[in-house]
Amino acid sequence: MKSLGARASGARLERMRASAQWVAHGTHPDGDPGGAFRNRFPVRPGLRDAQAPRPTLAEFLRNGNRRLPRGPLPALDPREAWRAPPASGLRATWLGHSTVLLELHDGRRLVRLLTDPVWGARASPSTLLGPRRFQPAPVALKALPPLDAVLLSHDHYDHLCMSTARALAQTGVPWITSLGVGAHLEAFGVRPDRIVELDWWQRHRLPGAEVEVVAAPAQHFSGRGLKDRNATLWSSLVVRTPRHRVFFSGDTGLTDQYAGIRSQLGPFDLVLLEVGAHHPAWGDIHLGPENALEALELLGGGALLPVHWGTFSLALHAWDEPAETLLAQAPRRGVHLVMPQLGEAVEPAQVEHVVPWWRGVERADAPPPAPLSWPRALPFPLD
């Protein structure tokens, strides 16, 4: 199946094996003697509820607990806003899940970066089965302004979409990603010379711009099939210009490494943290809203724009639970919360309060949501 991607080999594999995050000598979960990447740092005590059973396939098949919105989410067309540069020099447009268009002025020109782009209808290797997005992205992929780079945190289907990668490959945009993920990108048509793969703490400077992208630690895993778990690295990503700094978590559990990221790469003007698809049994690999607030404190603060919610049903909680939890807890913790509608281009420095736009979605006259579509057995990672 082409959507599975490809395994690293040759010089790429040698670079991976030289990483401090790589463990050799037959430690790969599927028995691959070549080894695999690992989470290097201990999981915080109590972070993962060992007594909480992991969600079953039957639970995923049951469409309960308001896991899908009853109506369409409000969305804006951002193209008019994109025509003018941000007055503050930093603007973000949430396009669904973990896809955000970042616009930063580096002092000379406006630079546009796109995080974990997914325009596909499903977070799945199949076009017929798997988690279906609630609605199309608020703007067509071909309507994006010219991009300076794509930032890709890891290889899971809700972050690396084959159809999206193939379309972006036609534009020649560079990709900056984690070690090993370039093998997938090449399989999807991205030219090798347009791919930069980083280990944790490695940096890449965009040509012709005062912009640096740094890969930083995260607490997660990787894989697109049954036999490639942790065969590629996962990272958070930091964008630095002379005027602004942005942190993007990718997918991660809460890790004390955030304090080190703050000291080496902060402080941050904007922090994108994943808040959805959480579960008590997944505390080591996903933040959820409460741990996202603690992660923000470790990172030293900054405007918080939550991502990884409002697009796919990848866990058992209500679709809007992450938003409600953040809205309830952020004010008493002094958090500058930025929660735009889909397609709303916002400058964090100009956001004074949050409008809970998601509450208008649960209309009494809305038809019930379509049932979730899943295979009987999952041959790929959920997230």
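The coordinates are above.
Report follows, based on the coordinates. The residue count restarts for each chain, going from 1 along the sequence in the order it is written. Owing to the predicted nature of the model, reporting of local features is limited to residues with pLDDT of at least 70; listing and counting of side-chain atom pairs is limited to 80 or more, with chain, interface and lining totals taken over all residues. Each side-chain value is derived from all of the structure's non-hydrogen atoms; neither hydrogens nor water enter the calculation.

1. Some thoughts on the pattern of salt bridges
Right, so step 1: A side-chain nitrogen of Lys or Arg and a carboxyl oxygen of Asp or Glu constitute a salt bridge if their distance falls within 4 Å. If you walk through the whole model with that rule in mind, you get 18 salt bridges.
Right, so step 2: The salt bridge partner of Asp 320 is Arg 66, with a shortest N-O separation of 2.9 Å. Linking Asp 320 in the loop between strand 14 (303-307) and helix 8 (321-329) with Arg 66 in the loop between helix 2 (57-61) and helix 3 (79-82), this pair joins segments that are 254 residues apart in sequence.
Right, so step 3: Note that Arg 91 is salt-bridged to Glu 103, the shortest N-O span being 2.7 Å. Taken as a pair, Arg 91 in strand 3 (residues 90-96) and Glu 103 in strand 4 (residues 99-105) lie far apart in primary sequence, twelve residues in all. There is no split in this pair, since Arg 91 and Glu 103 are both buried.
Right, so step 4: A single network of salt bridges, built from pairs that share partners, joins Arg 12, Glu 186 and Glu 197. Labels follow the DSSP assignment, with helices taken as runs of H or I lasting at least four residues and strands as runs of E lasting at least two, numbered in each case from the N terminus. Partly exposed residues are those whose accessible area sits between 20% and 50% of the maximum for their type, while under 20% is buried and over 50% is exposed, using a 1.4 Å probe and protein chains only.

2. Examining the environment of Pro 72
Right, so step 1: Its place among the elements puts Pro 72 in the loop between helix 2 and helix 3.
Right, so step 2: Residues Pro 72 and Phe 134, 62 residues apart in the sequence, show an inter-C-alpha distance of 7.5 Å.

3. What to know about the pairing of strand 14
Right, so step 1: Of all five residues that make up strand 14, five are buried, and the element is covered over most of its length.
Right, so step 2: Looking at chain direction, strand 13 (residues 270-274) and strand 14 are connected through five bridges and run parallel. Considered in strand 14, the bridge of Glu 274 is made with Val 307.
Right, so step 3: Running through helix 7 (residues 288-298), the crossover from strand 13 to the neighbouring parallel element strand 14 is right-handed. By this definition, two strands are paired if DSSP reports at least two bridges between them. By convention a crossover is right-handed if, when the strands point away from the viewer, the path from the first strand over the helix to the second runs clockwise.

4. Comments concerning the pairing of strand 8 (residues 195-198)
Side chains on a regular strand alternate between the two faces of the sheet.
Right, so step 1: Looking at chain direction, strand 7 (residues 175-178) and strand 8 are connected through four bridges and run parallel. Paired with Ser 178 across the strands is Leu 198, a residue of strand 8.
Right, so step 2: As a crossover connection, the stretch from strand 7 through helix 5 (residues 182-187) into strand 8 is right-handed.

5. Observations concerning the sheet that holds strand 14
Right, so step 1: Across the sheet, which stays open at both edges, the six strands sit in the order 9-10-11-12-13-14 with mixed pairing between neighbours. The open sheet has two edge strands with one neighbour each: strand 9 (203-205) and strand 14. Sheet twist, expressed as the mean angle between neighbouring strand axes with direction ignored, is 15 degrees.
Right, so step 2: Bridge analysis of strand 11 (residues 236-240) against strand 12 (residues 245-248) gives four bridges, and the strand direction is antiparallel. Looking at the pairing, Val 239 lines up with Val 246 of strand 12.
Right, so step 3: When checking whether two residues touch, look at their non-hydrogen atoms; a contact exists if any pair is within 4.5 Å. Inter-axis angles, ranging from 0 to 180 degrees, are taken between N-to-C directions of lines fitted to C-alpha atoms, where helices are fitted over the stretch in contact. Along the sheet, helix 7 makes contact with strand 13 and strand 14, crossing strand 13 at roughly 150 degrees.

6. With respect to the sheet that holds strand 8
Right, so step 1: The mixed open sheet is built from seven strands, whose spatial order is 8-7-6-5-4-3-15. The open sheet has two edge strands, strand 8 and strand 15 (345-346), and neither has a second partner.
Right, so step 2: Here strand 4 runs beside strand 5 (residues 110-115); their pairing, made up of five bridges, is antiparallel. From the neighbouring strand, Glu 103 faces strand 5, where its bridge partner is Arg 112.

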